[in-house]
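One letter stands for each residue in the lines below.
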Amino acid sequence: MKLVILSGLSGSGKSVALHTLEDLGFYCIDNLPIFLLEDLIHGLDKTLDTAFANTAIGIDARSNPDALQQLPELVRAARETGTDCQVLFLETQTNTLIKRFSETRRRHPLTRGDRSLREAIQLDQELLEPIRRSADMLIDTTQTNVHELRDLVRGWLMGSTSPKASILLKSFGFKHGVPEDVDFIFDVRCLPNPHWQPELRILTGIDPEVSRFLENSLEVIAMRDDIIGFFERWIPHFETDGRSYLTIAIGCTGGQHRSVYMTETLRRHFEALGHKVMVRHRELV
């Protein structure tokens, strides 16, 4: 089991980092009181629920100061149980934090009636220093934007490997309307139409007879290779940019033959590359 403990100064980007971990498949818990951490570690060690195999928790200075001092020991105890426990800490220069709170008009959680923003930030730094010292990874977000922070978190957790995007493939017929909420639409109506072959008309693009008919066409092979080549070129860029899902629609006239065949061909190709692929044939009921 992998447990990531995310901490850092208020305003340093912890919410962005936690959302990034969630996008990477982690079960995330924000602002967990430290006194609950030991029970959580024991529970995670015993559970057989794979939903918690990768868990991330956010901890900040709102926890009891004495409890914050105990975190390094709790991390050691977690590792002794065999848990892969890592601590990620985000920090930012004081002047940058003051600017961020001023621009967003957010209230620092440690401010009080007699405590200024600068004093609250200083107290935040003091309270979290034990966690900072024990962190496995420190990220200074003074000069980073949201996208750069996401890349840094992904890079720390996964090295140079970006998570594979999940792909939803949809076949459809143009005569029934174009689907909404898709990222890419490809029109294959220019390809030979099995509908005009009497023995193929009642079949669909899933049937091997239709596949053999289409694969005897150089145009079909060229279209297939061009579509695959496009996505082999650009999907890694979408993944690096943090895209978790891509929806690709393939359309022919009736949504029975060519679009279904091409969708199934793309399914096999993307699955072979390690993507999670879902397929919807809208006109096949």
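Quick note: structure is the one above.
Residues numbered from 1 in each chain as written. Predicted model: local features only at pLDDT ≥ 70, side-chain atom pairs only at ≥ 80, totals over all residues. Heavy atoms only, no water.

**Q** A description of the packing of aromatic side chains should follow, citing residues and the corresponding values.
**A** Across all of its chains, the model carries nine aromatic pairs by this definition. Between F184 and F230, the ring centres sit 5.6 Å apart and the planes meet at 75°, which makes this aromatic pair edge-to-face. Pair noted here: F184 is in strand β7 (residues 184-187) and F230 is in helix α9 (residues 218-240), with a separation of 46 residues, a long-range link. Overall, the relative accessible area of 17% leaves F184 in the buried class. With centroids separated by 5.8 Å and ring planes inclined at 70°, the aromatic side chains of F184 and F238 adopt a geometry described as edge-to-face. Separated by 54 residues along the polypeptide, F184 in strand β7 and F238 in helix α9 bring together distant segments of the chain. Chaining the aromatic ring pairs together yields one cluster made of F184, F186, F230, F231, F238 and F270. The ring of F174 is capped by R189, whose NZ or CZ atom sits 3.7 Å from the centre of that ring. (Phe/Tyr/Trp six-rings, centres within 6.5 Å; stacked < 30°, edge-to-face > 60°. Helix = DSSP H or I, 4+ residues; strand = E, 2+ residues; numbered from the N terminus. Buried < 20%, exposed > 50% of the residue type's maximum accessible area, 1.4 Å probe, protein only. Lys NZ or Arg CZ within 6 Å of the ring centre and 35° of its normal.)

**Q** Explain the pairing of strand β4 (residues 84-91) to me, and be specific about the residues and the numbers.
**A** Judged by how many residues are buried, β4 sits mostly within the fold: six of eight residues are covered. With seven bridges joining them, strand β1 (residues 2-8) and β4 adopt parallel strand pairing. Looking across to β4, one finds that V4 is bridged to Q86. One ladder, built from four bridges, connects β4 with strand β5 (residues 137-140); its direction is parallel. Paired with L88 across the strands is M137, a residue of β5. (Pairing = 2+ DSSP bridges.)

**Q** Give me the pattern of salt bridges: which residues, what numbers.
**A** Within this structure, the stated rule accounts for nine salt bridges. A salt bridge links R76 to E73, with the nearest nitrogen and oxygen atoms 2.7 Å apart. On the criterion of helical spacing, the pair formed by R76 and E73 is a turn pair, its members being three residues apart in helix α4 (residues 71-80). Residue R76 is classed as partly exposed on the basis of its relative accessible area of 45%. The salt bridge partner of D187 is R189, with a shortest N-O separation of 2.7 Å. Given a relative accessible area of 34%, D187 falls into the partly exposed group. (Salt bridge = Lys/Arg side-chain N within 4 Å of Asp/Glu carboxyl O.)

**Q** Go over the sheet that holds β1 with me, naming the residues and quoting the values.
**A** Strand order in the open sheet formed by five strands is β2-β3-β1-β4-β5, and the pairing between neighbours is parallel. Each of the sheet's edge strands pairs with one partner strand only, and the pair in question is β2 (27-29) and β5. In this sheet, adjacent strand axes meet at a mean angle of 20° when their direction is disregarded. Relative to β1, helix α1 (residues 14-23) is tilted by about 165°, and along the sheet it contacts β1, β2, β3 (54-59) and β4. Contacts between helix α6 (residues 117-134) and the sheet are confined to β1, β3, β4 and β5, with β4 contributing the most and set at about 125° to the helix. (Axes fitted to C-alpha atoms, helices over the stretch in contact; angles between N-to-C directions. Contact = heavy atoms within 4.5 Å.)

**Q** An account of unusual backbone geometry is requested, with residue identities and associated values reported.
**A** Here the phi dihedral of N31 falls at roughly 55°; this positive angle occurs in a residue that is not glycine. You can see N31 is positioned in the loop between β2 and α2 (37-46). With relative accessibility at 30%, the residue N31 sits in the partly exposed group. Residue D181 is not a glycine yet carries a positive backbone phi of 60°. Here D181 shows up in the loop between β6 (166-173) and β7.

**Q** Now, about the packing of α1 against helix α7 (residues 146-158): what can you tell me, with residues and values included?
**A** Two numbers describe how α1 lies on α7: the axes approach to 9 Å, and their chain directions differ by 50°. Taken as axis vectors, α1 and α7 run oblique relative to one another. For the element pair α1 and α7, the recorded crossing hand is right-handed. Across the interface between the two elements, V16, A17, T20 and L21 of α1 pack against V146, L149, R150, V153, R154 and L157 of α7. Considered class by class, the residues forming the contact of α1 with α7 number seven nonpolar, one polar and two charged. (Parallel < 35°, antiparallel > 145°, perpendicular 65-115°, else oblique. Left-handed = near helix turned anticlockwise from the far one by under 90°. Nonpolar A, V, L, I, M, F, W, Y, C, P; charged D, E, K, R; others polar.)

**Q** Got a sec to walk through the sheet that holds β7? Specific residues and values, please.
**A** What links the strands of a sheet is backbone hydrogen bonding, and the strands pair in either a parallel or an antiparallel sense. Within the open sheet, the four strands sit side by side as β7-β8-β6-β9. Their pairing is parallel. The open sheet has two edge strands with one neighbour each: β7 and β9 (277-281). Mean inter-strand twist for the sheet, computed between neighbouring axes without regard to direction, equals 20°. Relative to β9, β6 runs parallel, the two sharing five bridges. From the neighbouring strand, L168 faces β9, where its bridge partner is M278. Of the strands in this sheet, β6, β7 and β8 (245-252) are in contact with α9, which crosses β7 at around 170°.

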